[in-house]
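Working through the structure, step by step
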Amino acid sequence: MIKRIESSQVEFKQSVCAGAIKTIIAFANTEGGDLYIGVEDDGEIIGICNLDEELTRLSNMMHDSIRPDILMNCSIRPESIDGKSVILVHVERGTKRPYYLAAKGPRPEGVFIRSGAATLPSSESGILHMIQQSEQDTFESRPSLLQDLTFGYASEEFSRKNLSFGANELRTLGARTATGSYTNLGLLLSDQCPSTIKAALFSDAERTAFTFREEYSGSILKQLADAYSFLERNNHYKMSFDGLERIDHHDIPPVALREALINSVAHREYALSGPTLISVMPNKVEIVSLGGLPLGIGYSDLSAHISMPRNKLLSNVFFRLELIEAYGTGIERMRNSYNDSGTQPTIRITPNTFTVELPNRNAPHPKLTNEADSDVEVRSILGDGKARSRKEIQNELGVSQSTAIRLLKELETQGHVKRVGSGKNTRYAITR
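The paragraphs below set out a description of the structure included in this document. (Residues numbered from 1 in each chain as written. Predicted model: local features only at pLDDT ≥ 70, side-chain atom pairs only at ≥ 80, totals over all residues. Heavy atoms only, no water.)

**Comments concerning the overall build of the protein**
Per the secondary structure count, the protein includes 13 helices and 18 strands. Among the 432 residues that make up the protein, the fraction classed as buried is 44%. Per element, the accessible surface of the protein, about 21,800 Å² overall, is 50% carbon and sulfur. (Helix = DSSP H or I, 4+ residues; strand = E, 2+ residues; numbered from the N terminus. Buried < 20%, exposed > 50% of the residue type's maximum accessible area, 1.4 Å probe, protein only. Areas by Shrake-Rupley, 256 points an atom, 1.4 Å probe, with all protein chains shown as cover.)

**With respect to the nonpolar core**
Core analysis: the largest hydrophobic core is formed by 51 residues, its most contacted members being I220, L231, I278, F318 and L358. Tallying contributions element by element places helix α8 (residues 254–266) first for this core, with seven residues. Beyond its immediate chain neighbours, meaning those up to four positions away, L231 contacts L257, L261, I278, V280, V285 and I287. Residues A28, I37, I87 and Y99 belong to the second largest nonpolar core, which totals 24 residues. (Core = buried A, V, L, I, M, F, W, Y, C linked by side-chain atoms within 4.5 Å. Contact = heavy atoms within 4.5 Å.)

**Notes on the side chain of T426**
With respect to the helices and strands, the residue T426 is situated in the loop between β17 (417–420) and β18 (427–430). Among residues more than four places away in sequence, those in contact with T426 are S389, R419, V420 and G421.

**Focus: the sheet that holds strand β2 (residues 33–37)**
If you walk across this open sheet you meet the four strands as β1-β2-β5-β4, and the pairing is mixed. A strand with exactly one partner marks an edge of an open sheet, and here the two such strands are β1 (10–13) and β4 (74–81). Taken pair by pair, the neighbouring strands of this sheet meet at an average axis angle of 20°, ignoring direction. Note that β4 and strand β5 (residues 84–91) share eight bridges and pair antiparallel. If you follow R77 over to β5, its bridge partner there is L88. Lying over the sheet, helix α1 (residues 18–29) contacts β1, β2, β4 and β5, oriented at roughly 165° with respect to β2. (Pairing = 2+ DSSP bridges. Axes fitted to C-alpha atoms, helices over the stretch in contact; angles between N-to-C directions.)

**Things to note about the pattern of salt bridges**
Within this structure, the stated rule accounts for 18 salt bridges. K161 is paired through a salt bridge with E322; the nearest N and O atoms lie 3.2 Å apart. One end of the pair, K161, is in the loop between α4 (152–160) and α5 (167–173); the other, E322, is in the loop between α9 (312–320) and α10 (330–336), and 161 residues separate them in sequence. The partly exposed category is assigned to K161, whose relative accessible area is 30%. Note that D226 is salt-bridged to K222, the shortest N-O span being 2.8 Å. Of this pair, D226 and K222 both sit in helix α7 (residues 220–233), separated by four residues, roughly a single helical turn. Accessibility expressed as a relative area gives 24% for D226, which makes it partly exposed. For K222, a relative accessible area of 32% puts it in the partly exposed group. (Salt bridge = Lys/Arg side-chain N within 4 Å of Asp/Glu carboxyl O.)

**Notes on α4**
By the burial criterion, the buried members of α4 are A154, E157 and F158. Mapping the buried residues of α4 onto a view down its axis gives an arc of 95°, with all of them on the same face. Away from its buried face by more than 90 degrees, α4 exposes E156 and R160. Residues of α4 that are buried sit in contact with α5, α6 (184–189), α7 and α9. (Arc of directions from axis to C-beta.)

**Topic: the pairing of strand β13 (residues 276–280)**
The element β13 is extensively covered by neighbouring structure, given that four of its five residues are classed as buried. Where strand β9 (residues 197–202) lies against β13, five bridges are found, and the strand directions are parallel. Along β13, the bridge assignment pairs A199 with I278. By the bridge criterion, four bridges tie β13 to strand β14 (residues 284–290) in an arrangement that is antiparallel. Across the sheet, residue I278 finds its bridge partner in β14, namely I287. Counted between consecutive antiparallel strands, the loop separating β13 from β14 contains three residues.

**Topic: helix α2 (residues 51–65)**
The terminal C-alpha atoms of α2, which comprises 15 residues, lie 21 Å apart, in line with the 21 Å expected from a rise of 1.5 Å per residue. If you check which residues of α2 are buried, you get L51, E54, L55, L58 and M62. Within α2, the buried residues cover an arc of 105° as seen down the axis, which keeps them to one side. Opposite the buried face of α2, by more than 90 degrees, sit the exposed residues D52 and E53. Next to the buried residues of α2 lie α1, β2, β3 (66–67), β4 and β5. (Expected span 1.5 Å × (residues − 1).)

**Quick look at the sheet that holds strand β10 (residues 210–216)**
The six strands lie next to each other as β10-β9-β13-β14-β16-β15, forming an open sheet whose pairing is mixed. Only two strands of the sheet have a single partner each, and these edge strands are β10 and β15 (346–349). For this sheet the average axis-to-axis angle between neighbouring strands, irrespective of direction, equals 10°. This element, α7, spans β9, β10, β13 and β14 of the sheet and lies at about 165° to β10.

**Digging into the environment of Y182**
With respect to the element layout, Y182 can be found in the loop between α5 and α6. We classify Y182 as buried; its relative accessible area is 12%. Considered as a pair, Y182 and P143 are 39 residues apart in the sequence and their alpha carbons are 6.1 Å apart. Beyond its immediate sequence surroundings of up to four residues, Y182 is in contact with P143, S144, Q147, L149, F151, L170, A175 and R176.

**As for the environment of F230**
Tracing the chain through its elements places F230 in helix α7. Residue F230 is classed as buried on the basis of its relative accessible area, which comes to 0%. Between the C-alpha atoms of F230 and V280, which are 50 residues apart in sequence, the distance is 9.6 Å.

Structural data, given as structure tokens:
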């Protein structure tokens, strides 16, 4: 007998159909489950006619419609319930996730998961997470779906650095396999790279009025050069004089601009669709790249010189081209470039985005002048539930050490923030 209630691991179908295939995929992509065919949604047993034919048809559909091969993770057998014949498909959680419809590919419209008693399309980030867990490989090392590639710009860049860029070098870099096929690293370096960078200049801090916008395409190396040229053109400066020597005070330290841009390109998650976004406003520059922190890295690790690049092969290319000087020091250089400026870069992280805000040193900055403002700002920083040190919060707020200490003490007294640990291990967390 069966429990005649559908759940996250039990599903009923009246007959062998496309919906049954989607459910089998969803079970394999989630926690496994049992699919009963010949049962109404409410659990009423209606049975199946031509049982042998339907068993064969179901096996053929699973073999032809699902990728990777899922049959090794399933058992298909007839059952007799209430004197009627049904088909029971027991599905184990798959080891080669994501499983998907062959006609749709590993995209949201082809990948399904279980959520409660429902079978739903997976999100792009969910698909990416399955790939990372199951295959432990990287996007850049997989074969490119496009193989008709040219490398005009990349070849010129390597030549400018007196580096060779032939077939052997492409294999050494990981842009080409031993059989001659291009990888996704090759796709990124090629003139046909599908990922882009969008840049926009705004006349106001609220980003309501465009002054200029442009999208950069082609080799990721060309996009990097074009985007930095845009940032340089819009990085204004004020002049001062020390005797006869003129000193230029750029709005954004050039070191910070360079590091933030290179990091956004080198560590972006290219398996996710969508451009890198650059916004220049009167009070700051914001760079948003896809992909949160790589697996195994936490927010506190950003200040610890830990280097776990998401795209190791691409980072190695940047290192060879002297775009990256040393691994794991970019964020520190960004922050150090703001020393004695009274403000600091801000880093915001979500599961699928990494945002760097570089404040304009020559623009007036609003101060946290009241308790309501400070409460909102600190709650925003601690809103992800992670405890942070005073220094981390100070850097996020862009205030001095004494101001950060005062704000945290006030918020702790008001019950908005709680202290975790003591001494050098003291952290602050938002109260719920």
